[in-house]
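Inside the fold
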Amino acid sequence: MTALRQRKGSKGKEPPLGPEFHTQKTSCCTDHQSEKILHGEWSWGAIIWTSVGWSVAVGLGLLCCIYVATLHENDLWFSNIKEVEREISFRTECGLYYSYYKQMLQAPSIQQGFSELIHDNLTESKRTVNLLQRMNIYQEVFLSVLYRLLPIQAYLEPVYFYIYTVFSLQAVYVIALYLTAWLLSGSWLAGILTGVWYILNRVDTTRVEFTISLRENWSLPFLALQVAAITCYLRPQLTALQQKVMVWLMFVTTFCFCLTWQFNQFILLVQALIVYTLDSLDLIKTTQVTTLYLVQVSTLLSVWLLQFCNTMILGSLVLSFIVSALFIKHCQPGLKTGSLLVRLGKLLLHTFLVVFLTVIINYLAKKALQLRSDEHIFKFIKSKLGLGQTRDFDASLYLCEEAFGPLPLDTLERLAGTLLLHPYVLTVALLTGTLALVALRSLRQVTDGSPEERRGGEGRATALRPDVAYNLLHTLFYGLLAFSTMRMKYIWTGHMCAVASYGLCGMELWSLVFNTLRCNSKNMIRLVRCAVPLAMIGCLYYKFWPRLMEEVSELREFYDPDTVELMTWISSKTPKQAVFAGSMQLLAGIKLCTGRVLTNHPHYEDKDLRERTRQVYQVYARRSPEEVYSVLREAGAEYVVLEDSICYERRHVRGCRLRDLLDLANGHIMDGPGENDPDLLPASHPRFCEAIKTDAAAYTSLFSRTFQNKTFHVYRLKKKRKRSAKSSPDNNHSH
């Protein structure tokens, strides 16, 4: 087992713009100068002020980058450990993704490396897979090509080029959040507070220092950049050229986001629902709605082409939803007319038609494409929503993982401890109340009568800026997603910092507070907008700076001798084309460290691979040696690696251990005390991973032990002898 230890010797209707959209008054905390630049009014003061803001953004980004890189080095002593130990530190699927970067660098040429990825026969035995179609690994390809072309080979090892690139993306992430807070509040002081909060809440905002290659660490910085671009695009009074620039920025950032993460379609679906809500409440212009939808569609289709026509993209819910929303919107031109009750009725009918058409289009698309790659995700969602219990092995693997469970309450305690949660909740509560009032006024908007009456209604409807409304719905929708699935909190918590900073530094919320107190003094508001954020930053510095210094001075080292011993033995004692079976997590490491062929791996978005994984995992079920031998031979395995940490697992509760999931899927009663469903039956065979260690004749005739240590047991599958010509073909499994 991998462990960290202390180092030795160490420690619709498009209303006219209301007065709320006018440039805010200048103050020590209001970036009036950058507003001038945005509107084309150049001056030395504006240039200097904006340059200072950008310099602070870059400085905070670099600080975050250095911080996570230092933690990574201090946790593993990465610069001092052996190459095999460095590779083992890329855990689970991270090792699989990094192996393709290593494979591209080891290829004789870029062209041959590219060809090997398109026609790969090492990742799944007895199959040839187009990895660029199946997986989101263009970032590994790009980095490997860049490393080959740049004159840095003599100064920087490939692994450092890779991890420093990922850590640099954290700087991009912080800068993007900084810009979002700056755009919302008009003050780059909000950006500083956002960056500080992001760093202090590192445990809940990122896990990059120990899951470097994880796809979300590549994609979320681009998602944050996209949100900043959308925020700028929805600002009023942009020129036509500025709008075009923002549209291109949205396309590029959305494209990079989608290309680097296989779950992009589900994140974009939530974003499409946000745009649909803004459109339904008449909070953004019709042209903006159409543009945002088309950016998503064009991005997904571009990625579809780059991924060799990956059917999962065409069969995605988000594409079906956008097509449905645009079609129904075109067929209902009078949606935003009539009285309040009439508009509510139209809106409900419109929503029903969009949902109904989405389901129909998605069903037909999946039938036409014969798409079954994402079935496990929908089974998981169905179970999460409480729509029935499931014994499905694939869905249960997700349901039993803590990362896919609900958000733990201690997360909120940590966020409150850094003084982030309370201003965030207050900001969201006030904005949500404002949104409700604006939505009600929009739905009650006068559609008959004089132009003055219509303009009056429209002016009231602009009380919430479109960019603020978008960010409010963004944090609400992704907050709900985070509460339902803990792994998705990393999308929410970073943006949470920007929203809370806007609440403390923005003009609108302080104006609302002082209006309520009948003390609407502009000078008082300016003073508070400067004093409160500065006091907050000072308090955070006083409270957390010593802790950060202590954290970065704590030194540990990588320690996993059993896995190192296993990888060394495989590299030196087995043929280079040997095929290994085992757990998905371990096999990813075997591929990276040894380059051997695998039967299965952690990238789970393929129906046939999921079925093969379930079959290979029968080594931890109650199966006869003949049955296990047969399924392993069917997968092409020559060696199987058994792990005591799985066979005798105690990490999960009863019912969620891997052996329990296999027993339930096979219809067998589970180990240990506790209840079992009445339809489950006792197994007729002992658990394979335990029984094979007895060296009984039934097992030694099919398997021979070739390696073992305290954690791993490796068995080689023997070739069956042909008995006679009259023997049944089922008894002959030789190659």
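Cut-offs used in this document
Per chain, the residues get numbers from 1 upward, laid out in the order the sequence is written. Totals for whole chains, interfaces and linings use every residue, but because this is a predicted model, local features are given only for residues with pLDDT of at least 70 and side-chain atom pairs only at 80 or more, for both listing and counting. In computing side-chain values, all of the structure's heavy atoms are included and hydrogens and water are not. Note on conventions: DSSP H or I runs of at least 4 residues are helices, E runs of at least 2 residues are strands, and numbering of each starts at the N terminus. Buried residues are those whose accessible area, probed at 1.4 Å on protein chains only, stays under 20% of the maximum for their type, while exposed residues exceed 50% and partly exposed ones sit between those limits. Each pair of aromatic rings taken from Phe, Tyr and Trp, with Trp reduced to its six-membered ring, is defined by centres within 6.5 Å and is described as stacked if the planes are under 30 degrees apart, edge-to-face if over 60, and tilted in the remaining cases. Geometrically, a lysine NZ or arginine CZ counts as sitting over a ring once it is within 6 Å of the ring centre and also within 35 degrees of the ring normal. By salt bridge we mean one thing: a side-chain nitrogen of Lys or Arg within 4 Å of a carboxyl oxygen of Asp or Glu. Cysteine sulfur atoms are paired as a disulfide whenever they come within 2.5 Å of each other. At least two bridges found by DSSP between two strands are what make those strands a pair. We call two residues in contact when some of their heavy atoms are within 4.5 Å. To get an axis, fit a line to the C-alpha atoms, keeping to the stretch in contact for a helix; angles then go from 0 to 180 degrees between the N-to-C directions. It is the rotation of the near helix from the far one that decides the hand of a crossing: anticlockwise by less than a right angle makes it left-handed, clockwise makes it right-handed. Amino acids are sorted into nonpolar (Ala, Val, Leu, Ile, Met, Phe, Trp, Tyr, Cys and Pro), charged (Asp, Glu, Lys and Arg) and polar (every other residue, Gly among them).

Overview of the overall build of the protein
- Secondary structure assignment for the protein yields 34 helices and seven strands.
- Out of the 735 residues belonging to the protein, those deemed buried represent 55%.

What to know about the packing of aromatic side chains
- For the coordinates displayed, the defined rule picks out 32 aromatic pairs.
- Residues Tyr 98 and Tyr 162 carry aromatic rings whose centres are separated by 5.0 Å and whose planes lie at 85° to one another, so their mutual orientation is edge-to-face. In this pair, Tyr 98 sits in helix α4 (residues 92-106) while Tyr 162 sits in helix α8 (residues 158-185), placing the two residues 64 residues apart along the sequence. Assigned by exposure class, Tyr 98 and Tyr 162 land together as buried.
- Between Tyr 276 and Phe 321, the aromatic rings sit 5.8 Å apart at their centres with planes inclined by 75°, giving edge-to-face as the arrangement. Remark: Phe 321 occurs in helix α16 (residues 317-331) and Tyr 276 occurs in helix α13 (residues 264-280); sequence separation between them is 45 residues.
- Grouping aromatic residues by their ring pairs yields a cluster made of Phe 90, Tyr 98, Tyr 101, Tyr 162 and Trp 218.
- Across from the ring centre of Tyr 97, 3.8 Å away, lies the NZ or CZ of Arg 215, which sits over that ring.

Quick notes on the pattern of salt bridges
- Throughout the structure, instances matching the rule amount to 31 salt bridges.
- Between Arg 556 and Asp 75 there is a salt bridge, with the nearest N and O atoms lying 3.0 Å from each other. Of this pair, Arg 556 sits in strand β2 (residues 556-559) while Asp 75 is found in helix α2 (residues 44-76), placing the two residues 481 residues apart along the sequence.
- Arg 556 sits in the partly exposed class, given a relative accessible area of 25%.
- Residue Glu 551 pairs with Arg 202 through a salt bridge whose shortest N-O separation is 2.4 Å. Within this pair, whereas Glu 551 is found in helix α26 (residues 522-553), its partner Arg 202 is found in helix α10 (residues 202-205), the two being separated by 349 residues in sequence.
- Look at Glu 551 and you get partly exposed, because its relative accessible area is 25%.

Side note on the state of the cysteines
- Following the criterion strictly, the structure yields two disulfides and no others.
- The residue that forms a disulfide with Cys 400 is Cys 656, at a sulfur-sulfur distance of 2.1 Å. With the S-S dihedral at roughly -75°, the linkage between Cys 400 and Cys 656 falls on the left-handed side. Here Cys 400 is found in the loop between α19 (393-399) and α20 (409-417), whereas its partner Cys 656 is found in the loop between α31 (644-647) and α32 (658-666), with 256 residues between them in sequence.
- Since its relative accessible area comes to 13%, Cys 400 is described here as buried.
- Summary of cysteine pairing: Cys 64 is not part of a disulfide, and the nearest cysteine sulfur, belonging to Cys 65, is at 7.5 Å.
- Look at Cys 64 and you get buried, because its relative accessible area is 2%.

Description of the sheet that holds strand β4 (residues 597-598)
- On the basis of which strands lie adjacent, the open sheet formed by five strands has the order β4-β3-β5-β7-β6 and mixed pairing. A single partner strand is all that each edge strand has here, and the edge strands are β4 and β6 (703-708).
- Across two bridges, strand β3 (residues 579-581) lies against β4 in parallel orientation. From the neighbouring strand, Phe 580 faces β4, where its bridge partner is Leu 598.
- Along the sheet face, helix α27 (residues 561-573) touches β3, β5 (639-643), β6 and β7 (712-717) and points at about 25° away from the line of β7.
- Its contacts with the sheet place helix α30 (residues 625-634) against β3, β5, β6 and β7, and it is angled at close to 75° to β6.

Re the packing of helix α9 (residues 188-200) against helix α24 (residues 489-505)
- The interhelical angle for the contact between α9 and α24, taken along N-to-C directions, is 140°, at an axis separation of 8 Å. Crossing geometry of α9 relative to α24 is assigned as right-handed. Between α9 and α24, the contacting residues are Leu 189, Ala 190, Leu 193, Thr 194, Trp 197 and Tyr 198 on the first element and Gly 494, Cys 497, Ala 498, Ala 500, Ser 501, Leu 504 and Cys 505 on the second.
- Among the residues making up the contact of α9 with α24, the classes are represented as ten nonpolar, three polar and no charged.

Notes on the environment of Cys 497
- Looking at where Cys 497 falls in the secondary structure, it is placed in helix α24.
- Classification of Cys 497 as buried rests on a relative accessible area of 0%.
- The spacing of Cys 497 and Tyr 424 is 73 residues in sequence and 7.7 Å in space, taken between C-alpha atoms.
- Apart from residues no more than four positions distant in its own chain, Cys 497 is found in contact with Thr 194, Trp 197, Tyr 198 and Leu 420.

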